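For reference, the chains in residue letters:
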Amino acid sequence: MKNILSMSQLSNQEVQDYLNAALEFKNGRQSTIGQGKFAVNMFFENSTRTKSSFQVAGIKERVCRSGFDAEKSSTKKGRTFYDTCRTLESVGADLAVIRHSQDEYYNELLNRNFGIPIINAGDGAGQHPSQSLLDLMTIYEHFGRLDGLKVGIIGDLSHSRVAHSDAEYRTQLGSEVYFGGLNSWYTSEFQAMGPHKTVDDLCKEMDVVMLLRVQHERLSAEENQDFSKADYFEKYGLDMRRVNLMKPDAMLMHPAPVNRGVEIADDVVECDKSYIFKQMINGTFVRMAMIESVLKGAK
Ligand code: CP
């Protein structure tokens, strides 16, 4: 049985295979891999993009969707996470796409009797493999390669599963990774991967500038109290002055949701250098490739 849990489990060849399959889907390849299969999206944390693009990806591959709404489920009556997952498996789901606020929530399922494949749609501040793959696809489409690029990740690094999975995989790929934003977010794990620079320098030097949202839901009450949007925007936010420092073919990316006026100015969201909506388009095709791979690998 095949699960997709983190970027670190994927070899460079496997990543390239996912990107090739996603590009084939984007170019019109059809798949009926999901015919007669049931997938359940189990999102125990909020999501717009990931949840809806897994839904669309599944529909395009003829996967039947089994509805699940964590807010209206019996988890509210005390059913545990494990029992909820086992319940959906028992009623006939063939694939579970799961997002949960707990890092590595999937270990409990792997160590017990859960018997259907898992695609990790985000675990706490851990990993977000489908986001990393769609980011890589978008970069690959633009530059025609993934190696030899300088990638700068700016923002709330330590709380971000996107930063963790993107930075770790870029390092595995042999790319240069740099970081920006508050020093307190540039923790030892990121220090081991690449240097910290000012936002102006990152804009001038990087091939890819990747912004992250400030994850207020993961900050302490004290950190939230001390946070000033205006201050943050001035020090670390991308406005058109900073966009104009970027190299002519550099890309501006963001996993979204964007917080306009905090890490990104309103007029930057859809500026010429922004690939934010192209990332979203590619997300559906990458998720098709992931669903296809997992269903092919299922018993
Ligand atoms: N980037 C991302 O995971 O977005 P959602 O939280 O809307 O799924």
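Going along each chain's sequence as written, the residues are numbered from 1 onward. Side-chain atom pairs in this predicted model are given and counted only at pLDDT of 80 or more, local residue features only at pLDDT of at least 70, and totals for whole chains, interfaces and linings cover all residues. As a convention, hydrogens and water are excluded, and side-chain values are obtained from all of the structure's heavy atoms.

Considering the pairing of strand β1 (residues 38–43)
Here's step 1: Note on classification: 1.4 Å probe, protein chains only; a residue is buried when its accessible area is under 20% of the maximum for its type, exposed when over 50%, partly exposed between these limits. Numbering of helices and strands runs from the N terminus; a helix is a DSSP stretch of H or I covering at least four residues, while a strand is a stretch of E covering at least two. In terms of burial, β1 is a largely internal element, 5 of the 6 residues being buried.
Here's step 2: Pairing between β1 and strand β3 (residues 95–100): 5 bridges, direction parallel. In the sheet register, alanine 39 faces β3, and the bridge partner there is leucine 95. The pairing criterion for strands is at least two bridges between them, as found by DSSP.

Quick word on the side chain of serine 31
Here's step 1: Along the chain, the position of serine 31 falls in the loop between α1 (12–26) and β1.
Here's step 2: What makes two residues a contact is simply this: any of their non-hydrogen atoms within 4.5 Å. Setting aside its immediate chain neighbours within four residues, serine 31 contacts Phe25, Lys60, Glu61, Arg62 and Glu292.

Some words on the sheet that holds strand β6 (residues 176–180)
Through backbone hydrogen bonds, the strands of a sheet pair up, either in parallel or in antiparallel fashion.
Here's step 1: Spatially, β6-β5-β7-β8 is the arrangement adopted by the 4 strands of the open sheet, whose pairing is parallel. Because the sheet does not close on itself, it has two edges, and the strands there are β6 and β8 (251–253). Pairs of neighbouring strands in the sheet enclose a mean axial angle of 20 degrees, with direction left out of account.
Here's step 2: Where strand β5 (residues 150–154) and β6 come together, 5 bridges link them in parallel fashion. Note that in β6 the partner of isoleucine 154 across the bridge is glycine 180.
Here's step 3: The convention used is that axes are lines fitted to C-alpha atoms, helices contributing only their stretch in contact, and that angles between N-to-C directions extend from 0 to 180 degrees. Across the face of the sheet, helix α5 (residues 129–143) comes into contact with β7 (208–211) and β8 while running at roughly 165 degrees to β8.

Focus: the layout of surface pockets
Empty space among the atoms can be located by rolling a probe the size of a water molecule over them.
Here's step 1: Here the term cavity refers to a set of points on a 1 Å grid, laid over the protein atoms alone, in which a 1.4 Å probe fits but cannot get out; the term pocket refers to an open set having protein on both sides within 12 Å along at least five of seven lines, with lining residues being those that place an atom within 4 Å of a point. Grid points are joined across faces, edges and corners, and a volume is the space filled by probe spheres set on the points. Here the largest pocket is characterised by a volume of approximately 470 Å³.
Here's step 2: Lining the largest pocket are 21 residues; nearest its centre among them are Arg99, Arg161, Arg213, Ala256 and Pro257.
Here's step 3: Elements supplying a minimum of two residues to the lining of the largest pocket: α2 (49–60) and α6 (161–173).
Here's step 4: Two domains share the lining of the largest pocket, each providing at least three of its residues, namely domain 1 (7–127 + 281–297) and domain 2 (129–279).
Here's step 5: Approximately 240 Å³ is the volume found for the second largest pocket.
Here's step 6: As for the second largest pocket, its lining consists of Leu182, Ser184, Trp185, Leu219, Glu223, Asp226, Phe227, Ser228, Asp231, Tyr232, Lys235 and Tyr236.
Here's step 7: When contributions to the lining of the second largest pocket are tallied by element, the ones reaching two or more residues are α9 (221–226) and α10 (229–236).
Here's step 8: It is α10 that contributes the most residues to the lining of the second largest pocket, 4 residues altogether. Start and end positions for the domains come from either an automated domain assignment or a database one.

Focus on the domain arrangement of the chain
Here's step 1: Taken domain by domain, the chain comprises domain 1 (7–127 + 281–297) and domain 2 (129–279).
Here's step 2: Contact with domain 1, which involves 33 residues of that partner, is made by 29 residues of domain 2.
Here's step 3: Buried area, as used here, totals the accessible surface that two parts lose on assembly, with accessibility defined by a 1.4 Å probe and the loss added over both. Each partner contributes to the roughly 2600 Å² buried at the junction of domain 1 and domain 2, and carbon and sulfur atoms together form 56% of this total.
Here's step 4: Pairs of N or O atoms within 3.5 Å make up the polar contacts considered here, provided that, within protein, one atom can donate a hydrogen while the other can accept it, and that residues adjacent in sequence are counted only when both atoms are side-chain atoms. Linking domain 1 with domain 2 are 22 residue pairs in polar contact (both at pLDDT 80 or more).
Here's step 5: When residues of the side of domain 1 that touches domain 2 are traced back to their parent elements, those giving at least two are α1, α2, β3, β4 (118–123) and α12 (276–297).
Here's step 6: No other element matches α1, which puts 8 residues into the side of domain 1 that touches domain 2.
Here's step 7: Three classes are used, and their members are as follows: Ala, Val, Leu, Ile, Met, Phe, Trp, Tyr, Cys and Pro are nonpolar, Asp, Glu, Lys and Arg are charged, and the others, Gly among them, are polar. For the side of domain 1 that touches domain 2, a count of residues per class yields 13 nonpolar, 14 polar and 6 charged.

Here's the deal with the environment of threonine 171
Here's step 1: Within the secondary structure, threonine 171 sits in helix α6.
Here's step 2: Here the alpha-carbon distance between threonine 171 and valine 209, two residues 38 residues apart in the chain, equals 16 Å.

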